[in-house]
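Here is how the chains run, residue by residue.
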Amino acid sequence: MNKHNKKSAEDNYTILRHDVERRLTEFKNEDQAHIYIGMATCGLASGAMDVKTAFEEGLKEYGVNADIVPVGCVGHCYAEPLVIVAKPGFPPILYNEVTPGKAKLLTRAFLGGEDPLFEYMLGAMEENDMVPWVMEFPRFNHEKKVIMGQSGLIDPHDIKQYIEKGGYEALSKALGSEPEKNLSEVLESGLRGRGGAGFLTGRKWQFVHDADGENKTVICNADEGDPGAYMDRTILESNPHQVIEGMAIAAYTVGANRAIFYIRAEYPLAVKIITQAIEQAKELGLLGKGILGTDFDLEIDVFQGSGAFVCGEETALIQSIQGSRGMPQLRPPYPAQKGLWNQPTLINNVKTMASIPPIIMNGAEWYRKIGTDNSPGTAIFSVVGNIVHAGLVEIPTGVTLRSLIFDICGGIPEQKKFKAVQIGGPSGGCLPEEFLDTPIDFDSLTQAGAMMGSGGMVVMDENSCMVDVAKFFLDFTQKESCGKCTFCRIGTKHLLDILDRITRGEGREGDIDLLESLSMDIKNGSLCGLGKTAPNPVLTTIRYFRDEYEAHIKEKRCPAMMCRELIAYYIDLDKCARGCDACVGSCPTDAIFTTSNRKKGIDQTLCVKCGECVSACPPEYDAVRKVSPPNLAPIIERPKEDKND
Amino acid sequence: MNMEGMEQQQEEEKAMLHDIAAMLREFEKDRGKLIPILQIIQGKHRYLAPKALKMVAQHLDISSCEVYGVATFYNQFRFTPPGKHEIKVCLGTACHVKGGGIILENFERKLEINAGETTPDREFSIERVACVGCCALAPVAIIGETVYGHMAPSKVEGLIMGFEIEREKEKREKEKIEQTQ
Ligand SMILES: Cc1cc2nc3c(=O)[nH]c(=O)nc-3n(C[C@H](O)[C@H](O)[C@H](O)COP(=O)(O)O)c2cc1C
Ligand code: FES
């Protein structure tokens with residue numbers, strides 16, 4: 001890079017920033033209220049669109065002026081639709097589970113009047129002496145936002161909002177330094193790749209930087225294949241520019257002029273937002289030719305994945321961009337030496353890329369202070385399953401599982417008992433209660449038998465069957481195996497067949513040993529991470545929940561009463577109320593009949609064990625029972641005449 | 001299927017192939033463009049007809065079996081037309097733990113087809129998908145573009161009934177218009 005660039009990148013940024021601020025204030029009326037509505041996929045699914053319409057109607061109806069700003073996701077998915085109302089004279093206030101009705105009320109009472117409706121709010125977004133500050137709640141104050149700092153607070157459709165918050169300043173700073181300076185900053189920060197394996201990002205950058213090649217490429221891996229993780233999508237939908245900025249810094253540092261977003265096909269909204277964001281960055285000279293007046297050029301393209309889990313693996317991903325079947329390739333050579341079209345290629349996960357701008361801005365030392373020594377920084381988990389406050393959580397590494405599950409996410413609903421937590425998706429493992437005090441970082445989780453992986457975290461209560469969970473993941477990996485390695489292709493199928501047999505009550509003596517030895521063979525005989533880790537869910541559930549496997553095999557009993565072939569529902573005639581019909585309508589197969597004394601019975605041959613009657617039965621009777629093994633259910637005959645009608 | 005329906009389908013296919021031929025001309029003959037081309041075809045016509053795949057192979061100068069090999073590798077591509085209402089039931093981890101399997105079964109039972117199939121009247125098709133990113137609302141089903149969170153077996157019937165009522169209404173309105181003409 002030539003010398004005179006050095007000042008100009010930063011100067012040009014300052015000019016751009018002023019311009020953006022001027023343009024924003026032109027439109028911004030300081031006396032006017034702003035309504036920020038969370039409209040990422042989770043918000044939309046909970047009805048954010050209707051809420052927006054209700055606000056629009058309300059504003060018209062009551063003659064109030066306010067700006068509606070669609071924003072992304074703050075991660076509190078359990079409380080969607082989320083709305084922040086910022087009204088002059090009040091701190092910005094966060095409202096949860098906003099319905100169209102509440103939206104109308106808020107418009108009238110708060111925007112049109114002076115009453116912020118305390119009963120509907122979660123808290124204020126800033127410290128003040130009027131309304132409790134959200135940071136006083138554990139769900140907020142345990143979090144540390146580096147990657148998702150702006151998610152849900154800015155409009156992802158408008159690059160100006162990102163710039164106003166200081167966005168792209170890191171890029172100008174990086175362009176004003178030698179690439180090697182940025183490289184050492186990233187190296188010293190200790191940042192480890194957030195795509196799963198936790199490889200040192202700085203080292204990877206160094207390889208690509210040092211590699212010879214005319215056409216280096218930077219790829220952002222947004223394939224997010226784990227069937228229970230969605231943070232990458234949320235980041236792309238909520239704050240696309242932080243990722244783009246990270247990619248641009250990466251490209252400048254390793255010497256690439258071309259970058260590709262590899263986004264999963266199931267994420268149409270993310271594709272749309274990223275495409276738009278790239279366009280906007282180009283218009284402002286933050287991408288394209290001569291970025292910020294320097295001689296650094298960068299073009300970013302979007303490539304849509306086509307729904308194959310294995311394409312998240314870097315070599316398979318490259319194959320798929322080249323138009324082939326996504327089959328992993330033997331490494332070495334690593335993509336850093338020979339990647340896309342045999343040129344040096346840098347592949348990093350979305351979260352890794354998004355961590356770069358804060359690191360460049362605040363320095364390696366600042367980053368190292370967050371989290372643990374060996375895995376500095378923050379980790380994002382999607383905590384779902386049997387959990388009170390499901391959603392995305394960004395925490396500094398080193399927080400324990402217990403604190404994450406119980407303090408931050410509110411524990412298990414309905415006072416049920418915690419049983420296990422599955423971490424890391426299909427490659428990860430299930431950890432029982434004894435491991436709740438494990439600190440969350442790459443090494444501790446791997447040691448415990450799970451892994452950071454994708455950041456998917458599924459919490460399971462006493463009613464979850466561990467054999468069934470293992471079967472679920474095997475079913476997934478078996479279908480997603482690309483078929484290249486025999487052990488992965490056929491071995492996983494065998495594992496699945498055995499697990500399936502066990503959950504159907506046809507397990508045999510010796511099945512557990514067979515599962516274990518087969519698992520080891522698959523691990524050793526597979527080329528890529530998919531096969532090498534596919535048996536993990538089986539191995540960890542056997543290690544920690546062996547008794548459950550044994551109950552299935554020896555007693556044909558499912559202790560969690562989840563495996564449907566091993567359970568039965570029946571109605572306790574002592575509790576069933578005469579003449580009550582609540583359960584009858586809930587049954588999708590008409591399996592419930594009236595007994596001769598006007599109580600209810602279940603026809604076991606028709607019952608599909610969906611459990612609807614349990615929720616339908618009024619709590620004061622609570623008459624539906626679930627048993628395992630199924631032969632514990634008393635036999636109640638359907639009265640003869642009933643059969644004919 | 002009646003004759004009229006068959007003729008209509010043939011007409012539709014012809015129009016589709018015509019459109020694909022026009023679209024292909026816009027694309028350079030680059031092997032690397034294979035997947036984006038298939039995506040665009042499916043995005044517009046909702047499935048990849050055998051004849052369409054052949055046209056793509058000819059355009060890119062590669063064998064049909066290579067195109068098939070790539071297309072069948074990826075879950076995204078489908079080779080039969082989907083129903084008017086595409087029902088996707090999530091069987092990701094969170095949805096599985098919360099009973100997504102039972103939801104799927106209810107759709108299958110109600111519509112008398114299996115996942116991956118389309119009803120004979122081409123109104124509905126069912127597909128299983130893995131995580132649509134609304135895990136906090138599990139179990140989840142998507143019909144068309146709308147996401148339905150916190151699904152329950154008893155909601156399945158209501159949803160399908162809703163579509164059927166809508167269809168009846170449309171039919172009656174169409175008849176009314178025809179009568180007045
Ligand atoms: C089967 C399999 C699936 C993977 N899926 C993903 C994925 O969805 N997203 C991702 O970022 N990395 C995934 N990876 C890891 C990538 O191969 C690669 O290591 C990662 O993108 C590197 O980024 P990082 O250094 O920023 O972690 C997967 C690996 C395997 C073996
Ligand atoms: S598992 Fe169904 S939406 Fe994530």
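Residues numbered from 1 in each chain as written. Chains lettered and ligands numbered in written order. Predicted model: local features only at pLDDT ≥ 70, side-chain atom pairs only at ≥ 80, totals over all residues. Heavy atoms only, no water.

**Student:** Describe in detail the domain arrangement of chain B, supporting the description with residues and values.
**Tutor:** One can read the domain layout of chain B as domain 1 (3–73) and domain 2 (85–180). Spacing between the C-alpha centres of domain 1 of chain B and domain 2 of chain B amounts to 28 Å. (Domains from an automatic or database assignment.)

**Student:** An account of the site of ligand 1 is needed here, citing residue identities and associated values.
**Tutor:** Residue and element names in this part refer to chain A. Near ligand 1 lie 18 residues; those nearest to it are Gly195, Lys204, Asn221, Asn349 and Thr352. Considered on its own, ligand 1 offers 610 Å² of accessible surface; in the complex 87% of this is hidden by protein. When contributions to the shell around ligand 1 are tallied by element, the ones reaching two or more residues are strand E9 (345–349) and helix H21 (529–533). No other element matches E9, which puts three residues into the shell around ligand 1. Tallied by class, the residues present in the shell around ligand 1 amount to three nonpolar, nine polar and six charged. (Near = heavy atom within 4 Å. Areas by Shrake-Rupley, 256 points an atom, 1.4 Å probe, with all protein chains shown as cover. Helix = DSSP H or I, 4+ residues; strand = E, 2+ residues; numbered from the N terminus. Nonpolar A, V, L, I, M, F, W, Y, C, P; charged D, E, K, R; others polar.)

**Student:** Tell me about the pattern of salt bridges, and name the residues and values.
**Tutor:** Within this structure, the stated rule accounts for 45 salt bridges over all chains. We note a salt bridge from A:Glu56 to A:Lys52, for which the minimum N-O separation is 3.6 Å. In this pair, A:Glu56 and A:Lys52 both sit in helix H3 (residues 48–61), four residues apart, roughly one turn of the helix. For A:Lys52, a relative accessible area of 22% corresponds to the partly exposed category. Between B:Glu170 and B:Lys84 there is a salt bridge; the shortest N-O distance is 3.9 Å. Taken together, the positions of B:Glu170 in helix H7 (residues 153–180) and B:Lys84 in the loop between helix H4 (64–73) and strand E1 (85–90) put the pair 86 residues apart, joining distant regions of the chain. (Salt bridge = Lys/Arg side-chain N within 4 Å of Asp/Glu carboxyl O. Buried < 20%, exposed > 50% of the residue type's maximum accessible area, 1.4 Å probe, protein only.)

**Student:** Give a description of the packing of aromatic side chains that names residues and reports values.
**Tutor:** This model, assessed by the stated rule, comprises 13 aromatic pairs over all chains. Relative to B:Tyr74, the ring of B:Phe73 has its centre 5.0 Å away and its plane inclined at 80°; by these criteria the two rings are edge-to-face. For B:Tyr74, a relative accessible area of 2% gives the class buried. One cation-aromatic arrangement involves A:Arg233 over A:Tyr267; the distance from NZ or CZ to the ring centre is 5.6 Å. (Phe/Tyr/Trp six-rings, centres within 6.5 Å; stacked < 30°, edge-to-face > 60°. Lys NZ or Arg CZ within 6 Å of the ring centre and 35° of its normal.)

**Student:** Give me the lowdown on unusual backbone geometry, citing residues and values where you can.
**Tutor:** All names here are of chain A. Here the amide bond leading from Glu80 into Pro81 is cis, since omega sits at -10°, within 30 degrees of zero. Of note, Pro81 is situated in the loop between strand E2 (66–71) and strand E3 (83–86). The omega torsion of the bond from Pro332 to Pro333 falls at 5°, within 30 degrees of zero and hence cis. With respect to the helices and strands, Pro333 occurs in the loop between helix H13 (314–321) and E9.

**Student:** Go over the interface of chain B and chain A with me, naming the residues and quoting the values.
**Tutor:** For an interface, size is often stated in terms of accessible area lost upon the parts coming together. The partner chain A presents 54 residues to the 37 residues of chain B that form the contact. Interface area, chain B with chain A, both sides summed: about 3,400 Å², of which 59% is carbon and sulfur. Taken together, the connections running from chain B to chain A amount to two salt bridges. Of the charged contacts in the structure, one is a salt bridge between A:Asp475 and B:Arg128, with a shortest N-O distance of 3.5 Å. Taken together, the elements giving at least two residues each to the side of chain B that touches chain A come down to helix H2 (34–45), H4, helix H5 (93–97), helix H6 (100–111) and H7 of chain B. (Contact = heavy atoms within 4.5 Å. Buried area = accessible area lost by both parts, 1.4 Å probe.)

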